[in-house]
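An overview of the molecular structure
One-letter residues, chain by chain:
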Amino acid sequence: MSNAKEQFLDLQDKLKKVCEIAGLSESFYEIIKEPERIIEANIPVKMDDGTTKTFRAFRSAHSTALGPSKGGVRFHESVTYEEVKVLSTLMSLKVALLGLPLGGGKGGIIVDPNKLSERELEILSRGFVRAMNNYLGPRIDIPAPDVNTNAKIMGYFTDEYIALNGSRQDIATFTGKSVDMGGSLGRSEATGFGVYLTIKKYYEKIGKSLEGATVALQGFGNVGSFAAKYLVEDGAKLIALNSKDHEHPDGSYGIYDKDGLDIEKIQKAKDKTGSELNIEAEKITTEEFFALDCDILIPAALENVINEANADSIKAGLVVEAANGPVTEGGEKILNEKNIPLIPDILANSGGVLVSHYEWVQNITGSYLSEEEVRAKQEKDMTRAIDEVFATADKYKVTFRQAAFILSLSRIEKALKLKGRF
């Protein structure tokens, strides 16, 4: 059984357990345990050498109970049918948790985009839109960037969609666009800022200050770098950073400084050398990184990095899922047994889809927000969701993940009942 298949079965088990805890019906579980639809397509691309290759593509819409499906499209060799099922289901929970009028979607193409020329990449991107066209639209399904996709790809998507649909200027069909194409200000920092905000609110809940709190961060991409920036500005210390290094024999390692790493130096090293690890600091192994005695551990890079093999070594006071699915089922069970609180991805990294929702609304209405307005609105909306999760965890005496699931599933069930679907 593939890892993605196992993840989907584990997710279904979590959904079923939460339905039982919250008193949600068996009929409801039958509806939400599988996506509403999954589209598969082969996309032919004429390559630069004159040959033609086909690339397998998927688009899953898990639920449209609350509104049109919404979620990213990733270009990666590891994309599978089962993976988009998992990710679209989690997206349904994420948008429901935020109280958005959206459902969950996810898509992907099995491809290594680094092996394509810019022309080939554009043809592939436009081919994806042609293949999925009948199921895309601002009131149907709204793709966004994900792994190895970006504002440029969204530009190709948008242009192809407009060309296919009688030149309708439905730019709200895609989010994550560049600002010049109708994208929202404040989007680049949104996910990392949301991670910081979630941690800040947790510390307020337990009556502590972030001043002097020690942070170990895995990944210094868009999410991790901004999360670290805001945490340090609020008084926390980044004492360790773990990241990939293809030239290192282990494939990754970490840097450590008990007095705190300098974020500006890290960013300069990344910009200059291509690696954020190229600064003067003590080098530690990935195993040593996860075993550090710290206040906050933030996996902000890869899936399944905290698992049964290393969870018992973790000494952090709080684990925050800035990446999607960085803690496995077995790993989370061990953390729970060790009484280490975990803030789940559907809450911690929800800032990105929240601001994508703002982009969608701005495109539809033609009224655009300033960066300051976006930031203030994000803080208000995320604070409400965070407070609801904390209150639900206290009410049901469950983990933060279970509390988030209870809130999300209850909202989806209510919408389905109101629509008479069961």
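Reading the values: the criteria
- Residues numbered from 1 in each chain as written.
- Predicted model: local features only at pLDDT ≥ 70, side-chain atom pairs only at ≥ 80, totals over all residues.
- Heavy atoms only, no water.
- UniProt positions renumbered as here; feature names shortened; annotations may be inferred.
- Helix = DSSP H or I, 4+ residues; strand = E, 2+ residues; numbered from the N terminus.
- Rg over C-alpha atoms; globule rule 2.2 N^0.38 Å.
- Buried < 20%, exposed > 50% of the residue type's maximum accessible area, 1.4 Å probe, protein only.
- Lys, Arg positive; Asp, Glu negative; His and termini not counted.
- Charge placed at Lys NZ, Arg CZ, Asp CG, Glu CD.
- Salt bridge = Lys/Arg side-chain N within 4 Å of Asp/Glu carboxyl O.
- Pairing = 2+ DSSP bridges.
- Contact = heavy atoms within 4.5 Å.
- Axes fitted to C-alpha atoms, helices over the stretch in contact; angles between N-to-C directions.
- Expected span 1.5 Å × (residues − 1).
- Phe/Tyr/Trp six-rings, centres within 6.5 Å; stacked < 30°, edge-to-face > 60°.
- Core = buried A, V, L, I, M, F, W, Y, C linked by side-chain atoms within 4.5 Å.

As annotated in an unreviewed UniProt entry, the protein chain carries the name Glutamate dehydrogenase and comes from Anaerococcus kampingae. Checking UniProt for the protein chain, the heading Sequence similarities (unreviewed entry) contains the comment "Belongs to the Glu/Leu/Phe/Val dehydrogenases family."

1. Considering the overall build of the protein chain
For the protein chain, the helix and strand inventory stands at 14 helices and 12 strands. The globule rule puts the C-alpha radius of gyration for 422 residues at 22 Å, and the 21 Å found for the protein chain is close to it. Seen along its three principal axes, the alpha-carbon backbone of the protein chain occupies a region of about 60 × 55 × 50 Å. Looking at the protein chain residue by residue over its 422 residues, the buried ones come to 57%. Averaging the positions of the 52 positive and the 62 negative side-chain charges in the protein chain gives two centres separated by 5 Å.

2. Section: the pattern of salt bridges
On inspection of all chains with the given rule, the structure shows 31 salt bridges. With a shortest N-O distance of 3.6 Å, Arg421 and Glu36 are connected by a salt bridge. With Arg421 in the segment after α14 (400-418) and Glu36 in the loop between α2 (26-32) and β1 (37-46), this residue pair connects regions lying 385 residues apart in the sequence. For Arg421, a relative accessible area of 41% puts it in the partly exposed group.

3. Digging into the sheet that holds strand β9 (residues 282-284)
Through backbone hydrogen bonds, the strands of a sheet pair up, either in parallel or in antiparallel fashion. Sheet architecture is open: seven strands sit in the order β9-β8-β7-β6-β10-β11-β12, paired in mixed fashion. Of all strands in the sheet, those with a lone pairing partner are β9 and β12 (342-343), marking the two edges. Strand direction decides the pairing type here: strand β6 (residues 214-218) and strand β7 (residues 237-244), joined by five bridges, are parallel. The partner of Gln218 across the bridge, within β7, is Asn242. Sitting on the sheet, helix α7 (residues 222-233) is in contact with β6, β7 and β10 (296-299), with an inclination near 170° to β6.

4. So, helix α12 (residues 351-365)
Compared with an ideal rise of 1.5 Å per residue, which puts 15 residues at 21 Å, α12 spans 21 Å between its outermost C-alpha atoms and is within 8% of the ideal. With 12 of 15 residues buried, α12 is to be regarded as a mostly interior element. All of the buried residues in α12 are Gly351, Gly352, Val353, Leu354, Val355, Ser356, His357, Tyr358, Glu359, Trp360, Gln362 and Asn363. Against β3 (69-76), α3 (81-97), β5 (141-145), α6 (187-205) and α13 (371-396) lie the buried residues of α12. Just downstream of α12 lies Gly366, where phi reads positive at about 75°.

5. Some thoughts on the packing of aromatic side chains
The description of an aromatic ring pair rests on the distance of the ring centres and on the angle between the ring planes. Taken as a whole, this structure holds 13 aromatic pairs when the rule is applied. The interplanar angle of 75° and the centroid separation of 6.3 Å between the aromatic rings of Phe58 and Tyr81 together place this pair among those described as edge-to-face. With Phe58 in strand β2 (residues 52-63) and Tyr81 in helix α3, this pair connects stretches of sequence that are 23 residues apart. We classify Phe58 as buried; its relative accessible area is 4%. Ring geometry for Tyr202 against Phe400: centres 6.1 Å apart, planes inclined by 85°, an arrangement best described as edge-to-face. Linking Tyr202 in helix α6 with Phe400 in helix α14, this pair joins segments that are 198 residues apart in sequence.

6. Observations concerning the nonpolar core
Formed by 85 residues in total, the largest nonpolar core has its most connected members in Ile199, Ile296, Ile298, Val320, Val389 and Leu409. Top element by residues in this core is α14. It accounts for 10 residues. When sequence neighbours within four positions are dropped, the list of residues in contact with Ile298 reads Val195, Ile199, Val215, Ala216, Leu217, Gln218, Leu231, Val320 and Ala322. Phe55, Phe75, Leu124 and Met132 belong to the second-largest nonpolar core, a separate cluster that totals 24 residues.

7. Focus on the environment of Leu418
Of note, Leu418 is situated in helix α14. Sequence separation between Leu418 and Ala65 is 353 residues; the distance between their C-alpha atoms is 9.6 Å.

8. Comments concerning α14
One full turn of an α-helix is made of 3.6 residues, so residues set three or four places apart face in the same direction. The first and last C-alpha atoms of α14 sit 27 Å apart over 19 residues, in line with the 27 Å expected at 1.5 Å per residue. Of all 19 residues making up α14, 14 are buried, and the element is well covered by its neighbours. Immediately beyond the C-terminal end of α14, within one or two residues, lies Gly420, with a positive phi of roughly 75°.

9. Thoughts on the sheet that holds β3
The five strands lie next to each other as β1-β2-β4-β3-β5, forming an open sheet whose pairing is mixed. A single partner strand is all that each edge strand has here, and the edge strands are β1 and β5. Neighbour-to-neighbour, the strand axes of the sheet open up by a mean angle of 25°, direction not taken into account. Of the pairings in the sheet, the one linking β3 to strand β4 (residues 103-110) comprises six bridges and is parallel in character. Within β4, the residue paired with Ser69 across the bridge is Gly103. Sheet strands in contact with helix α4 (residues 118-132) are β1, β2, β3 and β4, and its direction is about 145° off that of β1.

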